[in-house]
Amino acid sequence: MAFGFVSGGLLLLLCAVTCALLASENAQQSSRLPQVPIVVECRTLSLFISVDIPPGSEPRFEAVDATGAYPITESYGPQCGYAYSVQPLLGRAVLRASYFSCHTDNQNDEVFTFMFGVFIMDQSGKESFFNVSKTCSMPPFSPREVTCEENYMEVSVRPDLPCPTAGSIKEDFSAAYAVAQSSAVQTWQVILQQEGPRSSAVMSTEDAATLGYFITVTPGRLVFRTTFGQPYASVKMVNNVAVEVIQATVFFKRNWMVVMVDLVAACSLDEGSFDGYKLHWRTPAVMTPLVVGPSELRSEYIGMGVDSEVINEEDATDRGYSVTVNDEVVDSSIPYAAEGGIRKSFVMDNVYNEMYMVQLTYQQMFLDQHGVATKHNAVRQMATPPIPRPPYSVNQTTLEERVFQVYLGNIPFDVELVSVALNGQEISVLTAAQMGYSITRVSEENNTFAYILRVPFEDQFVVKQYISEGYFEYSLEIKWTLNIMPQMEAYYHYSSVSAFIIDALPPVFDSMCADNGISFMKDHHQYDYLWDIAIGSYTLTPQLASERGYILNNDSATFILDVPLFTIGYVYEDITLQQFYGTFELLTKNAQTLAIEQTSSKRCLFQTTELLVCSTDGVMTVVSDITKAVPSAVPARTTLLDRRCRPQETDEARVLFSFGLNTCGTRFQVDHQYVTYENEMIFHELYSTDTRPVITRDVAYRVTLRCIYPVRGIESLFVDRKFSAEMPGIGQIKDPVKVSPQMLKPMQPQKQSIMNPSFQSAVARKPADYSRVSQWTPPLDEYAQWSLGPNGGF
């Protein structure tokens, strides 16, 4: 049998309602199916309905029975046992219906059938409608059930009357109602009791309903329901927990006796708390206000869950739920983001926020001294406050790299970086990667991430500003655009980084020509450590200066380098018997990158006396005074091994030869360290008689000319008919030797392996300069075999 609802002098005998609902039990859901996800489930405490809603929409619910449809409004819902809430951040609306709610078909307090109409308005303003129906079979209820919903308190009791069937109860309630209609004596009466100065009040159920107290009957239970904060309710402190208590006694006449039923509801008013890790809700370990008369209560069982469903202990432990009892207070806690709740992220004031909401379901079983059970149920919506998760940026720039590195941390797992703006120039992450910018996502603790952005100082978007001599400021303003997924809700973070760099200009050398070389000098400055001075590919050090014969004076105030003529590093040009040009070059390199920042060279004109130059491009140039050895020699008649090779220029005493190392009969020898090229200047002694000078062929003189190159510095040995060496060769002139004419015959070419394949793979470098060194000779075998090419060459 269904319930009776007493209000306005009308007792609805729900047997008629039950029959009507049963007749329509097979009614089908509307053909207009819902276009949004919907969940309808029979839970431990109530029927649970969850509807996903479009942004800005608020659905309407109607309870439907045989008598019509009844809108569930803010006022009608609590008095009929409906709890309705819209959660816009979660995008859903939730309706919970008590099993003893109005318009519910109740079959013997065991099978309950619900019917609802749901109206949803879409973003275009069009409203759609669909039906929801559900039948729930529930296990037997406890003799007393107390439920603390979000918007009402409900207590139902089973009157242990000596009647065989629920039908007799219905008949007795109907008879009592008939007497109330025909007599001035009110058959149904309510006593509202309250401690304190306000006395108890006796009133009819009609007057009680006017005050917000509603009484209904079911086939086997009496139900009392009211909202919080009503008149005659009181708030008590039970073990330092605020509890709202309402106590009523309902009595009615049954045949020749009056039946009285005590109805007490007590609910913890604790709103819950958040300690940064867990949500907590507190209630007294023993709800003493539920004790009626001399009875005592003891706790037998405590369970918890979410969304009107109590879960078993194992599942609760797996989710991290816990129930602890301290100082006669039960503390129910749920960890942040635990299963069963809903985590929502959103943007508020351009800050990422998240909150966690959970609908705690609490159940506790009490027994009195007679073993009669009271089940105390509570539903409490708990939520953390909005928890801001602002990102932070760290400037990880290292000046030595000359690259801005910015670390953007505390990025939640549901956020993606979509673009960066560099000094106002916005670039998507994909485009940034294509342009060569490095954007890396790395993991942090607590399920968060970080992004690392690298931008070189010399990037086109970086601003460079002159501060003072040697000081520059590089600055970069970064706007990070982040999206919450999947709703694509954007928020922004701004980073500003700058770096002060000593961008000193490379040092400027003063240079001066001298008779015997070139001098370089400069004053020391504060930022000289930023530069290295090099000669070719070699950094200038005191050791290098000593090995090459440079004169280096480098004190705290000045730098002076004297480079004697014919030391390594010179480039010789336009050589004649009278003069030639010598050029020496210093390179200023960045000490970190070794990049050449500046060159300082000096070209000077020198007088020619004697010299031997072995160039990097395979040319030997010699100027020699042959009369020092043989005063009577005629320079113009001097030749090389190939008699066709004669001087380019002569005077009374000197000759100038310039020839390729693969011409004029030049010989060569290869060992593990050096390649030596050798030719000879050959001339005859001139004898004079009284009548005329006579040249004899009996005796001749030769002067040996050598150019010695390290093997590792030669690109190839004329395989491609070109010569290239990293460094100039070492020149050597041997004193004249008198030889017989037959020793001057050309030597025949000899077959000999003269090449190691590894020589050919050496990397060629730009030809550097010329050098003549007559003081050092590599260890060569005087009796080594020499090879000549065709016509005395290769």
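Residues numbered from 1 in each chain as written. Predicted model: local features only at pLDDT ≥ 70, side-chain atom pairs only at ≥ 80, totals over all residues. Heavy atoms only, no water.

With respect to the overall build of the chain
Rules: What counts as a helix is a DSSP run of H or I of at least four residues, what counts as a strand is a run of E of at least two, and both are numbered from the N terminus. Accessibility here uses a 1.4 Å probe with only protein chains present; expressed as a share of the type maximum, an area under 20% marks a residue as buried, one over 50% as exposed, and anything in between as partly exposed. Any two residues whose heavy atoms approach within 4.5 Å are treated as being in contact. For every accessible area listed, the method is Shrake-Rupley and the probe measures 1.4 Å; residues are considered covered only by the protein chains on display.
Each helix and strand in the chain was counted, giving eight helices and 59 strands. Looking at the chain as a whole, 49% of its 794 residues are labelled buried. Contacts in the chain between residues far apart in sequence, at least 24 positions, make up 63% of those at least 6 positions apart. Here the chain has roughly 38500 Å² of accessible surface; of this, 51% comes from carbon and sulfur atoms.

A look at a nonpolar patch on the surface
We count it as follows: For patch detection, residues must exceed 30% relative accessible area and be free of salt bridges, and they are connected within 9 Å for like charges or within 5 Å for nonpolar side chains (Val, Leu, Ile, Met, Phe, Trp, Tyr). Salt bridge, as used here: a side-chain nitrogen of Lys or Arg that lies within 4 Å of a carboxyl oxygen of Asp or Glu.
Taken together, the side chains of Ile 467, Tyr 471 and Phe 500 define a hydrophobic patch exposed on the protein surface, amounting to about 280 Å² of accessible area. Position of Tyr 471 relative to the elements: it lies in strand 38 (residues 471-484).

Considerations on the sheet that holds strand 32 (residues 403-412)
Put simply, the rule is: Two strands are counted as paired when DSSP detects at least two bridges linking them. Where helices are involved, their axes are fitted lines through C-alpha atoms of the stretch in contact, as for all axes, and angles between N-to-C directions lie from 0 to 180°.
Spatially, the four strands line up as an open sheet ordered 31-32-36-35, and their pairing is antiparallel. Edge positions in the sheet fall to strand 31 (392-395) and strand 35 (438-443), since each has one partner strand and no second. On average, adjacent strands in this sheet sit at an angle of 20 degrees to one another, irrespective of strand direction. Here six bridges tie strand 35 to strand 36 (residues 448-456), and the two strands are oriented antiparallel to one another. Among the inter-strand pairings, Ser 438 is bridged to a residue of strand 36, identified as Arg 454.

Focus on the sheet that holds strand 25 (residues 322-326)
Whether parallel or antiparallel, the strands of a sheet pair through hydrogen bonds between backbone atoms. Reading across the sheet, the four strands line up as 21-22-26-25 and stay open at both edges, with antiparallel pairing between neighbours. Across the chains shown, the open sheet's two edge strands, defined by having one partner strand only, are strand 21 (273-274) and strand 25.

Considering the state of the cysteines
Selection rule: Pairs of cysteine sulfur atoms within 2.5 Å are identified as disulfides in what follows.
Taken as a whole and assessed by the stated rule, the structure comprises six disulfides. Bridging Cys 148 to Cys 267, the disulfide has an S-S length of 2.0 Å. Negative torsions about the S-S bond denote left-handed disulfides, and the value of about -90 degrees found for Cys 148 with Cys 267 makes this one left-handed. Of the two residues, Cys 148 is situated in strand 12 (residues 144-148) and Cys 267 in strand 20 (residues 257-268); the sequence distance between them amounts to 119 residues.

Examining the packing of aromatic side chains
Which entries qualify depends on this criterion: Here a Phe, Tyr or Trp ring, Trp counted by its six-membered ring, pairs with any other such ring whose centre lies within 6.5 Å, and the pair is stacked when the planes are under 30 degrees apart, edge-to-face when over 60, and tilted otherwise.
Inspection of every chain in the model, using the stated rule, returns 30 aromatic pairs. With centroids separated by 5.8 Å and ring planes inclined at 45 degrees, the aromatic side chains of Tyr 352 and Tyr 491 adopt a geometry described as tilted. With Tyr 352 in strand 28 (residues 351-367) and Tyr 491 in strand 39 (residues 489-502), this residue pair connects regions lying 139 residues apart in the sequence. In this structure, Tyr 352 and Tyr 491 share a single accessibility class: buried. With 6.0 Å between their ring centres and 80 degrees between their planes, Tyr 677 and Tyr 709 make a pair best called edge-to-face.

Observations concerning unusual backbone geometry
Note: most peptide bonds trans; most residues except glycine with negative phi. Residue Pro 486 is bonded to the preceding Met 485 through a cis peptide linkage, with omega at 5 degrees. As for its placement among the helices and strands, Pro 486 is situated in the loop between strand 38 and strand 39. Backbone geometry at Asp 327 places phi at a positive 55 degrees, although glycine is not the residue there.

What to know about the side chain of Thr 704
Inspection of the secondary structure puts Thr 704 in strand 55 (residues 693-710). On the accessibility criterion, Thr 704 (10% relative accessible area) is buried. Residues contacting Thr 704, with those up to four places away along its chain left out, are Glu 678, Asn 679, Glu 680, Gln 732, Ile 733 and Lys 734.

Examining the nonpolar core
The following threshold applies: Residues belong to one nonpolar core when they are buried, are Ala, Val, Leu, Ile, Met, Phe, Trp, Tyr or Cys, and are joined through side-chain atoms within 4.5 Å.
Core analysis: the largest hydrophobic core is formed by 56 residues, its most contacted members being Leu 222, Phe 224, Ile 246, Leu 263, Tyr 321 and Ile 334. Residue contributions to this core peak at seven residues, all from strand 20. Not counting residues up to four positions away in its chain, the partners in contact with Leu 263 are Val 155, Val 157, Leu 222, Phe 224, Ile 246, Gln 247, Ala 248 and Val 250.

Examining the pattern of salt bridges
Enumeration over the complete set of coordinates arrives at 23 salt bridges. Asp 414 is the partner of Arg 343 in a salt bridge, and the nearest nitrogen-oxygen pair spans 3.3 Å. Taken together, the positions of Arg 343 in strand 27 (residues 342-348) and Asp 414 in the loop between strand 32 and strand 33 (415-422) put the pair 71 residues apart, joining distant regions of the chain. Among the ionic pairs, Arg 454 bridges to Glu 401, the shortest N-O distance being 3.4 Å. Of the two residues, Arg 454 is situated in strand 36 and Glu 401 in the loop between strand 31 and strand 32; the sequence distance between them amounts to 53 residues. For Arg 454, a relative accessible area of 24% corresponds to the partly exposed category. Assessed through its relative accessible area of 45%, Glu 401 is described here as partly exposed. Beyond isolated ion pairs, a larger network of salt bridges with shared partners links Arg 667, Glu 678, Glu 680, Arg 702 and Arg 706.

Quick word on the environment of Tyr 301
Summarising the element assignment, Tyr 301 is placed in strand 23 (residues 298-306). On the accessibility criterion, Tyr 301 (36% relative accessible area) is partly exposed. Sequence separation of Tyr 301 and Met 365 is 64 residues, and the distance between their C-alpha atoms is 5.1 Å. Excluding residues within four positions of it along the chain, Tyr 301 makes contact with Val 310, Gln 363, Gln 364 and Met 365.

Quick notes on the confidence of the model for the chain
Interpreting fine coordinate detail is not advised for predicted regions of low pLDDT. Counted only if it meets this: Every residue gets a pLDDT, meaning the predictor's confidence in that residue, from 0 to 100.
This prediction gives the chain a mean pLDDT of 81; 80% of its residues lie at or above 70. Long-range and interchain partners of residues 1-34, a stretch whose pLDDT sits below 50, account for 82 contacts in this model, where long-range means more than four residues apart. Below pLDDT 50 for its whole length, residues 161-186 participates in 26 contacts with residues either more than four positions away or in separate chains.

Some words on the pairing of strand 25
With five bridges joining them, strand 25 and strand 26 (residues 329-335) adopt antiparallel strand pairing. Bridge pairing links Asn 326 to Val 329 in strand 26. Connecting the antiparallel pair strand 25 and strand 26 is a turn made up of two residues, with Asp 327 showing a positive phi of about 55 degrees.

With respect to the environment of Phe 61
Looking at the secondary structure, you find Phe 61 in strand 5 (residues 60-65). Expressed as a C-alpha distance, the spacing of Phe 61 and Pro 71, which sit 10 residues apart in the sequence, is 6.1 Å. Sequence-distant contacts of Phe 61, that is, excluding residues within four places in its chain, are made with Ile 49, Val 51, Tyr 70, Pro 71, Ile 72, Tyr 84, Leu 95, Gly 117 and Val 118.

A look at the side chain of Arg 654
Test applied: Polar contacts, as counted here, are pairs of nitrogen or oxygen atoms within 3.5 Å of one another; within protein the pair requires one atom able to donate a hydrogen and one able to accept it, and residues that are adjacent in sequence qualify only if both atoms are side-chain atoms.
With respect to the helices and strands, Arg 654 occurs in strand 52 (residues 654-660). By relative accessible area, Arg 654 is classed as buried at 14%. Only 3.2 Å separates the side chain of Arg 654 from the backbone oxygen of Thr 609, close enough to count as a polar contact. Once residues within four sequence positions are removed from consideration, Arg 654 is found in contact with Leu 577, Thr 608, Thr 609, Val 623, Ser 624, Asp 625, Pro 635 and Glu 649.

With respect to the environment of Pro 78
Within the element layout of this structure, Pro 78 appears in helix 2 (residues 76-80). C-alpha separation for the pair Pro 78 and Thr 226, spaced 148 residues apart in sequence, amounts to 7.2 Å. Every residue in contact with Pro 78, bar those within four places of it in the chain, is listed here: Thr 73, Asn 151, Tyr 152, Arg 225 and Thr 227.

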